[in-house]
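# Residue-level structural notes
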Amino acid sequence: MKDSYLNSDSDPLDPPAAVFVTPGTKIVDISASGILHVDSSTHIVDNAVVAATTGYARTHTMSNAGDTGTATTTTVITVDHGSRRYVPRKGDSVLGVVTKQGNAEYHEVDVGRGRNRVALLPVLGFDNATKRNRPMLKAGDVVSGKVVEVFDGDRVVMDCVNESASSASSASSEGYGPIDRAGGGMVWRVTPAYARYLLSGKMAVLNVLGAKVPFEIVVGVNGMFWVASQEKERERAFLETCILGSAIQRMERMAVGQQEVDERRILEVLKKEMAAR
């Protein structure tokens, strides 16, 4: 699956940047985009896909084998809006927190879908895992992985196998699996739309903050991110981690509707967070 963002006048399969849209904004001409599937966040007007809600325009492609065995490609156009509830799609790279240690088959993982709507993570759903040699997760552990099945839009199965992970779509630059929290770190939540924006690399937020306070971060498209200061002293590391997580959250409100937030404003937010601690 290829995830990307659209420009209203660009090739939907090779867009240059994320674009904030409002209801009525033209996203792409149907004639320029091939086969389309339009969901409830968009509609067709005058042979064009138009936003039906406010958010960030996005496209992904799916290949399906027909009855004749001939592969067809469908381009799905959606608008990620400000809802904090995550709607899973197969292939999504996500971050989650284990809520129930696995029985013989599955762990239960909170991926931000709301109360009692966990994702199932097979106990052997890791690289080279066997019954005798597998990660021994417990409630509260953080994992990065990908959605492998979505049943009727409700039941979700994920795994942490890296065979199809890529640097462009992975929730973690180091691949899927348990997040090593030996050095600390905390999980924060933002909207899925903002998480995708952070992952797109089009915002300077993470680079500017990292130049002032070195840190590690893992972001999932489901709107959950884990961040940890690289400070060695434990108490200061905890303080810096709180400051970083809160600053990244606050930047979401400033970033809505903008292609970029300038460095001065980012540093103002960081300064306020430091003063508040």
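Thresholds, definitions, all that
Residues numbered from 1 in each chain as written. Predicted model: local features only at pLDDT ≥ 70, side-chain atom pairs only at ≥ 80, totals over all residues. Heavy atoms only, no water. Helix = DSSP H or I, 4+ residues; strand = E, 2+ residues; numbered from the N terminus. Buried < 20%, exposed > 50% of the residue type's maximum accessible area, 1.4 Å probe, protein only. Core = buried A, V, L, I, M, F, W, Y, C linked by side-chain atoms within 4.5 Å. Contact = heavy atoms within 4.5 Å. Pairing = 2+ DSSP bridges. Axes fitted to C-alpha atoms, helices over the stretch in contact; angles between N-to-C directions. Salt bridge = Lys/Arg side-chain N within 4 Å of Asp/Glu carboxyl O. pLDDT = per-residue confidence, 0-100. Polar contact = N/O pair within 3.5 Å; in protein donor to acceptor, adjacent residues only side chain to side chain.

This part covers unusual backbone geometry. A positive phi angle is found at Asn-47, which is not glycine, with a value near 60 degrees. Along the polypeptide, Asn-47 turns up in the loop between β5 (42-45) and β6 (48-51). Residue classification places Asn-47 among the partly exposed positions, given a relative accessible area of 46%.

This next bit is on the nonpolar core. In this structure, Tyr-194, Val-205, Leu-209, Phe-225 and Ile-248 are the most contacted members of the largest nonpolar core, which totals 22 residues. Counting only elements with at least two residues in this core, the list comes to α1 (192-199), α2 (205-212), β16 (215-219), β17 (224-229), α3 (234-255) and α4 (263-276). The element contributing the most residues to this core is α3, with five residues. Those residues in contact with Val-205 that sit more than four places away from it in its chain are Tyr-194, Met-251 and Ile-266.

Our next topic: the environment of Tyr-197. Turning to its location among the elements, Tyr-197 is positioned in helix α1. Taking the relative accessible area as the measure of exposure, Tyr-197 reaches 0% and is therefore buried. Sequence separation between Tyr-197 and Tyr-56 is 141 residues, and the spatial gap between their C-alpha atoms is 8.2 Å.

This part covers the sheet that holds strand β3 (residues 26-29). Taken together, three strands build an open sheet; the order of strands is β3-β6-β5 and the sheet is antiparallel. Two strands in the sheet have a free side with no partner beyond their single neighbour: β3 and β5. Between one strand axis and the next, the sheet turns by 30 degrees as a mean value, whatever way the strands run.

Attention now goes to α1. Taken across its eight residues, α1 has seven buried, putting it largely inside the fold. Two residues or fewer after α1 comes Gly-201, characterised by a positive phi angle close to 75 degrees.

What follows concerns the environment of His-107. Counting through the fold element by element, His-107 comes out in strand β10 (residues 106-110). Residues contacting His-107, with those up to four places away along its chain left out, are Lys-100, Gln-101, Gly-102, Ala-119, Leu-120, Leu-121, Pro-122, Val-123 and Leu-137.

What follows concerns the pattern of salt bridges. Throughout the structure, instances matching the rule amount to seven salt bridges. One salt bridge in this structure joins Arg-189 and Asp-110, with 2.4 Å as the shortest N-O distance. Placement of the pair is Arg-189 in strand β15 (residues 186-189) and Asp-110 in strand β10, with a sequence separation of 79 residues. Among the residues examined, Arg-189 registers a relative accessible area of 37% and is labelled partly exposed. Linking Lys-146 and Asp-159 is a salt bridge whose minimum nitrogen-to-oxygen distance equals 2.9 Å. Here the residue Lys-146 occupies a position in strand β12 (residues 142-151), and Asp-159 occupies one in strand β13 (residues 155-159), the gap between them amounting to 13 residues. The same class applies to Lys-146 as to Asp-159, namely buried.

Quick look at the sheet that holds β16 now. Read across the open sheet, the three strands follow the order β15-β17-β16; overall the sheet is antiparallel. Edge strands, defined here as strands with exactly one partner in the open sheet, are β15 and β16. Between one strand axis and the next, the sheet turns through 25 degrees on average, direction left out of account. Pairing geometry for β15 and β17, over four bridges, is antiparallel. Across the sheet, the residue bridging to Val-187 is Trp-226, located in β17.

In this section: the confidence of the model for the protein chain. Across the protein chain, the average pLDDT comes to 76, with 73% of residues at 70 or higher. Per-element confidence in the protein chain is highest for β17, whose mean pLDDT is 95, and lowest for strand β1 (residues 2-5), whose mean pLDDT is 34. Considering only residues more than four positions removed or in separate chains, one finds that residues 1-17, a stretch of pLDDT under 50, has 60 contacts. Contacts of residues 165-173 to residues separated by more than four positions or lying in other chains number 16 contacts, the stretch itself having pLDDT below 50.

With respect to the element layout, Ser-229 can be found in strand β17. The exposure class of Ser-229 is buried, given its relative accessible area of 5%. One polar contact links Ser-229 to Glu-240, side chain to side chain, over a distance of 2.6 Å. Those residues within four positions of Ser-229 in sequence are excluded, and the remaining contacts are Pro-214, Phe-215, Ala-237, Glu-240, Thr-241 and Leu-244.

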